[in-house]
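Residue-level structural notes
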Amino acid sequence: MKVDLLGVINLSGEEGFFKELTEHRNLAAVPFAGRYRLIDFTLTNMVQNDIANIGVFTLEKYRGMMDHLGSGKEWDLDRSNGGLYIFPPALSQDANEFRGDLSNFHLHRDFFLRSKENYVVVSGSNILSAVDYRDVLREHKESNADITVVYTKRELPCKYCRPIRFGEQNRVTAIGSRGFQPTDETFYMETVVLSKNLFVRLIDEAIARGEYDLLQSIIRSQLNRLHVHGYEYRGTSQVIHSLRSYYRESMLLLEQWGAINDFQHVYTKIKHEPPTRYLPGSAIKNSLVANGCKLEGTTTDSILFRGVKVGKHARVKNSIIMQKSVIEEGAVVEYAILDKEVTVKRGQVIRGTVEEPIVIKKQTIV
Amino acid sequence: MAKKNVVAMLLAGGEGKRLGALTKHTAKPAVAFGGKYRIIDFPLSNCTNSGIDTVGVLTQYEPLELNRYLGIGSAWDLDRRNGGLTILPPYQAQNGKNWYEGTANAIYRNMSYINQFDPDYVLVLSGDHIYKMDYEKMIEEHRLGGADVTISVREVPWEEAPRFGILNTDDDLRINEFEEKPENPKSNLASMGIYVFNWDVLKRHLIQDAGDAESSFDFGKNIIPNMLFENLNIRAYKFKGYWKDVGTIQSLWEANMDLLTAEPEFDLYDPSWKVYSVNPNQQPQYIGNAATVESSIINEGCHIEGEINHSVLFHGVEVAEGSLVKDSVIFPNVKIGRDVTIHRAILADGVIVEDGATIGSPDGEVFVIEAESLVKKNEVIKEAIQ
């Protein structure tokens, strides 16, 4: 069934929190869980909620992401009506300075004006969750709110999350800064629902005032003026904000696999890789393995992306090995993140620690 | 429609009786192979990799699964504005004709499909072999040799030649005789059922054959012998490389096992000749703490806690702790419980094996567990179920 929501994935507000993996790509394109990129999770979630008109607003280093998304076919978004739109910043020669995510929305405001949907959901790409956007919209309408923001409770402190405070009836009173009060338990999930007309009006007003930040100008500065409602998301979520949280959430996948995680429905780009080959002598334990790998050595507690090779007597432990990386005979990789197409030569040793996993840059030969 | 140099016609209507339970509700070309593929992926990928973008797929027997799998041909890059993949089922005509009555009849009934593209050559393929072949090279040789027909052949061991359709040629590879399963073969060149025809020549012969009340409307039995009788220039094209007829349970199992050798002759991993298939969109495979996996190929979406040795696992297979899967082929979405032992078996789609069951024996005959069936707790199955 159709849902009256226009999807917006806002990447222009996302900072490169961990430069090692985002030197060549934006955060949305960071590979995750063996065969996905971070953006797959939000995009799939929108599609699963029957949102059929989605704009991805990007800022920089978006080549990899564009290649990944293509026409949106894998997400069923190659449509004559709506579908997937990718909006790189609309820069002009005389004003080529990026001022904030709102300017990106403003420059592409025709996307909002032309779409038939009456409501907009804006989300980032680095919080992986299964927010039911239909339910958010329902609660948004029922509470007669002007703006609804999605929050979640977390037992673990989240250094990079924004704490959120409420008054009566879940009316939002404040949204803090990242890392401001790590003892807080309720966090903003960088997801907001509001009517399209209000959204466009607030963007126009903010731009007229010379303001360019979505969170500051559209939410925080309106808290006293408009009714900003909080919607509680009760499911699980993974927040990927730093190299450490990326590594930790990846390792958590292995601990919980089969119990909580179900990525069966997550769409991603098809690569036509053959199944993975396990050769004589291979020993694999507690690992997530994508297709197209050729495994001869020992791999434990690790995530192997598509087309990885682990040679004879090589040992991979507590590591994340990205697409088409090769660990040659007898090499050892422990507590490490190998970006795409890294080669670890025969007998070489790469060893990090749980707290400080070593990151090897894309296409490096060690 | 714009003119095409080549139109491929893929015969995919066969029942595949010798595959037993595997083709009970599925056409043979849709039978699973190699952990991820269906048999038809190989000729279709060959077409794509050979630059042939116009493929008619002739269906007849149990077409539902095959049709669903083929879709509009997107998986093989055959969703094209001009040409692309077209499913050609039998249809009712004014003369009362209904089902396809033979391989040649199936093509004859679809002459208007081919005519739209006004091709120079028609490539006739079948959907029951595992191989990689650059059809473009065969067509090029056909063209250079000024042939009317070219038939792809491979050399088989002399002692096996009586099992095949054998083509006798002169030194120049011009075919002068076709013998079906000859007792005393004069050559060891076996036909692979892959033909290149000049379209005008084939068209004339199809029309002629259709008017012959005695004919069984078959390429091997009628069309080729008639062409030989007419003394047309029919040439053999020697193919070298892996080629396997997977028409029986034993040969299908063997072809799967062939993929598990240290350096398989049939390389699925060659980036210059990718084999395309419909992607079931599965999560990565998870190999658990208690698992042992060796000498096997495993597809996405599997969850393995037991021991997998020398086996092929398709997507979505679950194997619980304490179980052993050896020398077997496990089709998609099979669930295997704890302490199960499986030897030399093909478990078709969606089979459920409960705890403690035993299937097959280490040196027994290879057999099939039918799709969607249930193997009960502690049940022992050592004989083939017919």
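Residues numbered from 1 in each chain as written. Chains lettered and ligands numbered in written order. Predicted model: local features only at pLDDT ≥ 70, side-chain atom pairs only at ≥ 80, totals over all residues. Heavy atoms only, no water.

A few words on the overall build of chain A. Across its full length, chain A carries 9 helices and 28 strands. Here the C-alpha radius of gyration of chain A, 21 Å, is about what a compact globule of 366 residues would show, namely 21 Å. In terms of overall dimensions, chain A has a C-alpha envelope of 65 × 45 × 45 Å along the principal axes. Residue burial in chain A is summarised as follows: out of 366 residues, 58% are buried. Considering only contacts within chain A whose residues lie at least 6 apart along the sequence, 58% involve residues at least 24 apart. With an accessible surface of roughly 15400 Å², chain A has 46% of that area assigned to carbon and sulfur atoms. Of note, chain A has its 48 positive side-chain charges centred 5 Å away from the centre of its 45 negative side-chain charges. (Helix = DSSP H or I, 4+ residues; strand = E, 2+ residues; numbered from the N terminus. Rg over C-alpha atoms; globule rule 2.2 N^0.38 Å. Buried < 20%, exposed > 50% of the residue type's maximum accessible area, 1.4 Å probe, protein only. Contact = heavy atoms within 4.5 Å. Areas by Shrake-Rupley, 256 points an atom, 1.4 Å probe, with all protein chains shown as cover. Lys, Arg positive; Asp, Glu negative; His and termini not counted. Charge placed at Lys NZ, Arg CZ, Asp CG, Glu CD.)

Moving on to the overall build of chain B. Counting its secondary structure elements, chain B contains 8 helices and 30 strands. Relative to a compact globule of 386 residues, whose C-alpha radius of gyration would be 21 Å, chain B shows 22 Å and is just as compact. For the C-alpha atoms alone, the extent of chain B along its principal axes is close to 65 × 50 × 40 Å. Within chain B, buried positions represent 58% of all 386 residues. Put simply, of all contacts in chain B between residues at least 6 apart along the chain, 54% involve residues at least 24 apart.

Residues and elements named next belong to chain B. Mapped onto the secondary structure, valine 325 falls in strand E21 (residues 324-326). What makes valine 325 buried here is its relative accessible area of 0%. For the pair valine 325 and isoleucine 72, spaced 253 residues apart in the sequence, the C-alpha separation amounts to 36 Å. Not counting chain neighbours up to four residues away, the residues in contact with valine 325 comprise Glu307, Ile308, Asn309, Ser311, Val319, Ile330, Ile336 and Ile342.

Here the focus is the pattern of salt bridges. Tallying each qualifying case throughout the model produces 37 salt bridges over all chains. Through salt bridges with shared partners, a single network forms among Asp135, Arg138 and Glu142 of chain A. (Salt bridge = Lys/Arg side-chain N within 4 Å of Asp/Glu carboxyl O.)

With that settled, consider the nonpolar core. Nonpolar side chains in soluble globular proteins tend to be buried together. Among the nonpolar cores identified, the biggest contains 46 residues, and Ile327 of chain A together with Ile304, Ile336 and Leu347 of chain B are the most heavily contacted of them. When contributions to this core are tallied by element, the ones reaching two or more residues are strand E25 (336-338) of chain A together with strand E25 (345-347) and strand E28 (367-369) of chain B. Counting residues in hydrophobic clusters, the runner-up holds 35 residues, among them Ala104, Val153, Leu167 and Phe197 of chain B. (Core = buried A, V, L, I, M, F, W, Y, C linked by side-chain atoms within 4.5 Å.)

This part covers the interface of chain B and chain A. Taken together, the contact pairs 38 residues of chain B with 38 residues of chain A. Here chain B meets chain A over a buried area of about 3100 Å², counting both sides, of which 44% is carbon and sulfur. In this assembly, chain B and chain A are joined by 1 salt bridge. A salt bridge links arginine 35 of chain A to glutamate 300 of chain B; the nearest nitrogen and oxygen atoms lie 3.0 Å apart. Linking chain B to chain A there are 25 residue pairs in polar contact (both at pLDDT 80 or more). Pairing of strand E16 (residues 287-289) of chain A with strand E14 (residues 285-287) of chain B involves 3 bridges; the strand directions are antiparallel. When the sheet's bridge partners are listed, valine 289 of chain A is paired in E14 of chain B with glutamine 285 of chain B. (Buried area = accessible area lost by both parts, 1.4 Å probe. Polar contact = N/O pair within 3.5 Å; in protein donor to acceptor, adjacent residues only side chain to side chain. Pairing = 2+ DSSP bridges.)

On to a negative patch on the surface. Among the surface-exposed residues, Glu321, Asp339, Glu354, Asp355 and Glu379 of chain B lie close enough to one another that they form a single negatively charged patch. Looking at where glutamate 354 of chain B falls in the secondary structure, it is placed in the loop between strand E26 (352-353) and strand E27 (358-359). (Patch = residues over 30% accessible without salt bridge, like charges linked within 9 Å, V, L, I, M, F, W, Y side chains within 5 Å.)

Residues and elements named next belong to chain A. A full pass over the atoms with the stated rule returns 31 aromatic pairs over all chains. Ring geometry for phenylalanine 32 against phenylalanine 41: centres 6.0 Å apart, planes inclined by 75 degrees, an arrangement best described as edge-to-face. Taking the relative accessible area as the measure of exposure, phenylalanine 41 reaches 7% and is therefore buried. With centroids separated by 5.1 Å and ring planes inclined at 70 degrees, the aromatic side chains of phenylalanine 41 and phenylalanine 263 adopt a geometry described as edge-to-face. With phenylalanine 41 in helix H2 (residues 38-48) and phenylalanine 263 in the loop between helix H9 (243-256) and strand E14 (276-278), this residue pair connects regions lying 222 residues apart in the sequence. (Phe/Tyr/Trp six-rings, centres within 6.5 Å; stacked < 30°, edge-to-face > 60°.)

Now for the pairing of strand E11 (residues 189-198) of chain B. Residue and element names in this part refer to chain B. Buried residues dominate E11, accounting for 9 of its 10 residues. As defined by bridge partners, strand E6 (residues 121-126) adjoins E11 across 4 bridges and the pair is classed as antiparallel. Across the sheet, valine 122 pairs through a bridge with phenylalanine 197, a residue of E11. Direction of pairing for strand E8 (residues 149-155) relative to E11: antiparallel, over a ladder of 6 bridges. When the bridges of E11 are listed, glutamate 155 appears paired with leucine 189.

Here we take up the sheet that holds strand E23 (residues 326-327) of chain A. Taken in spatial order, the 10 strands of this open sheet run E26(A)-E23(A)-E20(A)-E17(A)-E14(A)-E16(B)-E19(B)-E22(B)-E25(B)-E28(B), and their pairing is mixed. Each having just a single partner strand, strand E26 (343-344) of chain A together with E28 of chain B make up the two edges of the open sheet. Two strands pair when backbone bridges link them, and E14 of chain A and strand E16 (residues 296-298) of chain B are joined in this way by 3 bridges, in the antiparallel orientation. Looking at E16 of chain B, one finds that tyrosine 278 of chain A is bridged to serine 296 of chain B.

Residues and elements named next belong to chain B. Judged by pairing direction, the sheet is parallel, and its 6 strands sit side by side in the order E15-E18-E21-E24-E27-E30 without closing on themselves. Each edge of the sheet is formed by a strand with only one pairing partner; in this case those strands are strand E15 (292-294) and strand E30 (380-381). Relative to strand E24 (residues 341-343), E21 runs parallel, the two being bridged by 3 bridges. In the strand pairing of E24, leucine 324 is matched with threonine 341.

Attention now moves to the environment of glutamate 265 of chain B. All names here are of chain B. Checked against the element boundaries, glutamate 265 lands in the loop between helix H8 (249-258) and E14. The class of glutamate 265 is exposed, set by a relative accessible area of 62%. Taking the C-alpha atoms as reference points, glutamate 265 and glycine 241, 24 residues apart in sequence, are found 7.9 Å from one another. Ignoring anything within four residues of it in the chain, the contact list for glutamate 265 reads Gly241 and Tyr242.

It is worth spelling out the pairing of strand E8 (residues 147-153) of chain A at this point. Residue and element names in this part refer to chain A. Most of E8 sits out of view: 6 of its 7 residues are buried. Relative to strand E11 (residues 186-195), E8 runs antiparallel, the two sharing 6 bridges. In the sheet register, threonine 148 faces E11, and the bridge partner there is valine 193. Summarising the sheet, E8 and strand E12 (residues 228-233) pair through 6 bridges and their orientation is parallel. Within E12, the residue paired with valine 150 across the bridge is tyrosine 231.

All names here are of chain B. Two numbers describe how helix H6 (residues 199-210) lies on helix H7 (residues 219-229): the axes approach to 10 Å, and their chain directions differ by 120 degrees. Crossing hand, H6 versus H7: right-handed. Where H6 approaches H7, its residues Val201, Leu202, His205, Leu206 and Asp209 are matched on the opposing element by Phe219, Asn222, Ile223, Asn226 and Met227. For the contact of H6 with H7, the residue count by class is 6 nonpolar, 3 polar and 1 charged. (Axes fitted to C-alpha atoms, helices over the stretch in contact; angles between N-to-C directions. Left-handed = near helix turned anticlockwise from the far one by under 90°. Nonpolar A, V, L, I, M, F, W, Y, C, P; charged D, E, K, R; others polar.)

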